[in-house]
Each structure stands twice: as structure tokens, then as C-alpha cells.
Amino acid sequence: MLIALAALNDNYIWLYQRKNLPIIIVDLPETDKLFSWIEQHHFPIEAVLLTHEHDDHTQGVADFKQRYPNVPIYGSQECAKKGATEIINEGEIMTPNYRIQVLPTGGHTAQHVSFLVDNHLFCGDALFSAGCGRVFTGNYAQMFEGLLRLKTLPDKTVVCPAHEYTMSNLAFAETVIADKSAVKNHRTFVEKLRSEGKPSLPTTLGLEKSINPFLQAATLEDFIILRKEKDIF
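These numbers were taken from a predicted model, which means no experiment stands behind them. (Residues numbered from 1 in each chain as written. Predicted model: local features only at pLDDT ≥ 70, side-chain atom pairs only at ≥ 80, totals over all residues. Heavy atoms only, no water.)

A two-sided burial pattern is seen for strand S13 (residues 158–161), the buried positions comprising Val158 and Cys160 on one face and Val159 and Pro161 on the other. Both S13 and strand S14 (residues 203–204) contribute to a ladder of two bridges, which runs antiparallel. Residue Val159 lies in a different strand from S14, and its bridge partner there is Thr203. (Buried < 20%, exposed > 50% of the residue type's maximum accessible area, 1.4 Å probe, protein only. Helix = DSSP H or I, 4+ residues; strand = E, 2+ residues; numbered from the N terminus. Pairing = 2+ DSSP bridges.)

In C-alpha cells:
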């Protein structure tokens, strides 16, 4: 089971469950909708994963810990002050039922991480459909290296970003990608999904390689130019 639970203005809380096992929750921008969903479905919770420290990913942590004090909350060092109970910056998390790979994807924040679970990539604000996060640290090299790391994953990897930015990202991609056919086709598909009130996500890494200009950047210099163009788009 994979669910994108809408939160705040354009965030998603991702819920992942291997059949008949407890669920994993990725990021906690809020808790009202999450608690309502949990109460409705009665699934036990294995762990919470935090991709980075920004409030729109962590401001629900305190409320969550009050209700579920025994659920481990994993995050990088920057998330310790936001309530993470288990600090991990890279490597693997072994829970009773899941093996979770932790991938450093800094640049949006210095210690942003992404999580790979059963071929599902939960990438927070590092990678979006047809886009990537702003480089708030100013460390473009770190951001580019993180994207290159994600790009090595199999094309069938299910990509689960944290925001519904796909339409605006596709609009920018269409101005910079040489072969615009895949972008245009996907834009039509996403327009239909959004008109029906459905998320544009998840996506796949294979698709993203054809529509995401930041994954097509061949060099750091190319990436920096694209990222700065997107910032003013």
C-alpha cells in the first residue's frame, strides 16, 4: 500500500505498508488528517521517517510523539532539534519488518536525506516530478551529487516527492528540455489527474529521466544554470 495523504497547501505525507505489516510514515507536516486516517484504518505504525528539518515536514512531530510516544522517529542530525529520536545520516535502518536505505541528498538543507524502501524512494524536497528543491544552503555541488546518487537507482524505482509541484515544474521543463514530447504528454496526463482531484504522484525514475531537466544536467555548471533559471521562472 502506498498513499499520498494531502497536507497543508501542497505537501504530502507518504504512508507505506508492505502487506499485513505496520505502516511507515514519511514526514509530519501536520497531524489532523494523519490521525483521522490512522483512526479510520487501525494500522499499527512501525516508524516515522523525516527527510529534513523544515517546518512543513516536521511541525507535526510534537503532537505525534504525544499520541505515539513509542514509535521511533528517524532523521538526520538536523532533525534532532525537531524531535527525531533516532539519528541517521546515511546507511541503513533495520526495523522489525523493514530494511530502509538512507541516501544523503543534501543541498536543499545541509543534511537532507532520502529513504529507499522496497524500491520506493521517499525523497522529500531533493527531487520533485520534473524538478528539484531550491538550494537553500547555496551548496549546489552537494545538491547535484545527491541527484546523481538518486539517478543511479533502477528506472522502475517509484519516486515519492513531498510536494505537489508537478504542473509548474513541467511548465519550466518545457522551456529548457530539447525533446519536449515526453514533457507535453505527461503534462496532459497530469492535467487530467489534477482536474479529478488526484495527486500527480508517485512518478518513476525512468519517467523522470525523460521529463526532469535537473536529472538531464550533464555537469555541475549545467545544473547551477538550470536551478537559477528555475528560481526566477
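Next, the rest of the story.
The next point concerns the packing of helix H5 (residues 166–176) against helix H9 (residues 220–231). Relative orientation of the contacting elements H5 and H9 amounts to 125°, with a least axis distance of 11 Å. Considered as vectors, H5 and H9 are oriented oblique to each other. For the pair H5 and H9, the sense of crossing is right-handed. Facing H5, whose interface residues are Ser168, Asn169, Phe172 and Val176, H9 presents Leu226, Glu229 and Lys230. Partitioned by chemical class, the residues of the contact of H5 with H9 number three nonpolar, two polar and two charged. (Axes fitted to C-alpha atoms, helices over the stretch in contact; angles between N-to-C directions. Parallel < 35°, antiparallel > 145°, perpendicular 65-115°, else oblique. Left-handed = near helix turned anticlockwise from the far one by under 90°. Contact = heavy atoms within 4.5 Å. Nonpolar A, V, L, I, M, F, W, Y, C, P; charged D, E, K, R; others polar.)

So, about helix H4 (residues 140–151). Across its 12 residues, H4 extends 16 Å between first and last C-alpha, which sits within 8% of the 16 Å expected from 1.5 Å per residue. By the burial criterion, the buried members of H4 are Tyr140, Met143, Phe144, Gly146, Leu147 and Leu150. Buried residues along H4 cover an arc of 160° about the axis, so they all sit on one side. (Expected span 1.5 Å × (residues − 1). Arc of directions from axis to C-beta.)

On a regular strand, each side chain points to the face opposite its neighbour's, so the side chains alternate between the two faces of the sheet. For strand S7 (residues 91–94) and strand S8 (residues 99–104), the ladder comprises four bridges, and the chain directions are antiparallel. Each residue of the ladder has a partner; that of Met94, found in S8, is Arg99. Between the antiparallel neighbours S7 and S8 lie four residues. Bridge count for S8 against strand S9 (residues 113–117) is five bridges, and the pairing is antiparallel. If you follow Gln101 over to S9, its bridge partner there is Leu116.

Attention shifts here to H9. Here H9 contains 12 residues, and its C-alpha end-to-end distance of 16 Å stays within 8% of the 16 Å for a straight helix at 1.5 Å per residue. What H9 keeps buried is the set Phe223, Leu226, Arg227 and Lys230. With its buried residues spanning 100° around the axis, H9 presents them on a single face. Tucked inside the fold, the buried residues of H9 contact strand S12 (131–132), H4, H5 and helix H8 (213–216).

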